[in-house]
Amino acid sequence: MTFSRSTLKLVAAGFIAAGALSVAASANAGTSWSVGINVPGVVVTEPAPVYYEPAPVYSRPAPTYYQPAPVYSTPAPVYYEPSWEERRAQRWEERRAERREWRRRQWEREQHRRYYEDRD
């Protein structure tokens, strides 16, 4: 395909006229302009979504701890049976205490008697 010189001149004159018009319009509007080559770009598309099922996970459940309720109880009574030596010593002490008590009462009677005899 060959173009004649007059056709090329006509096309060049058209580009210059279009450029001059756009320069004048952009100068008045206060905007900028650029010339680009419109080539189809790379089209990127998303792939179809793919679902992967997760692998099964087997684990032990967490241990559960329960605090037991507080238990309040009195200790069982302890019975201690004394030996025969201890019982003998205990009886001896009881007799000594009885004798002391008897002597104290005797002394009080004597003191009481003396006090009232001397007054008469």
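The preceding data block contains the structure.
Note that this is a predicted model, so its numbers are computed, not measured.

Rules used throughout
- Residues numbered from 1 in each chain as written.
- Predicted model: local features only at pLDDT ≥ 70, side-chain atom pairs only at ≥ 80, totals over all residues.
- Heavy atoms only, no water.
- Helix = DSSP H or I, 4+ residues; strand = E, 2+ residues; numbered from the N terminus.
- Buried < 20%, exposed > 50% of the residue type's maximum accessible area, 1.4 Å probe, protein only.
- Areas by Shrake-Rupley, 256 points an atom, 1.4 Å probe, with all protein chains shown as cover.
- Phe/Tyr/Trp six-rings, centres within 6.5 Å; stacked < 30°, edge-to-face > 60°.
- Lys NZ or Arg CZ within 6 Å of the ring centre and 35° of its normal.
- Salt bridge = Lys/Arg side-chain N within 4 Å of Asp/Glu carboxyl O.

(A) Summary view of the overall build of the protein. Along the backbone of the protein there are 2 helices and 0 strands. Going through the 120 residues of the protein one by one, you find that 1% of them count as buried. In the structure as shown, the protein presents an accessible area of about 13,100 Å², 59% of it carried by carbon and sulfur atoms.

(B) Molecular detail of the packing of aromatic side chains. If you walk through the whole model with that rule in mind, you get 1 aromatic pair. Each ring, one from Tyr115 and one from Tyr116, has its centre 5.1 Å from the other, and the planes form 80 degrees; the classification is edge-to-face. Taking relative accessible area as the criterion, Tyr115 reaches 47% and is therefore assigned partly exposed. Among the residues examined, Tyr116 registers a relative accessible area of 41% and is labelled partly exposed. If you follow Arg99 out to its NZ or CZ, it ends over the ring of Trp92, 5.3 Å from the centre.

(C) Broad picture of the pattern of salt bridges. Scanning the entire structure with this criterion turns up 7 salt bridges. The residue Glu117 makes a salt bridge to Arg113 at a minimum N-O spacing of 3.0 Å. Here Glu117 pairs with Arg113, and both are found in helix H2 (residues 84-119), just 4 residues apart, close to one helical turn. What makes Glu117 partly exposed here is its relative accessible area of 46%. Here Arg113 falls in the partly exposed class, since its relative accessible area comes to 39%. Taken together, the shared-partner salt bridges in this structure form one network comprising Glu101, Arg104, Arg105 and Glu108.

So, to be careful, I would describe these as geometric facts and stop short of saying anything about function.
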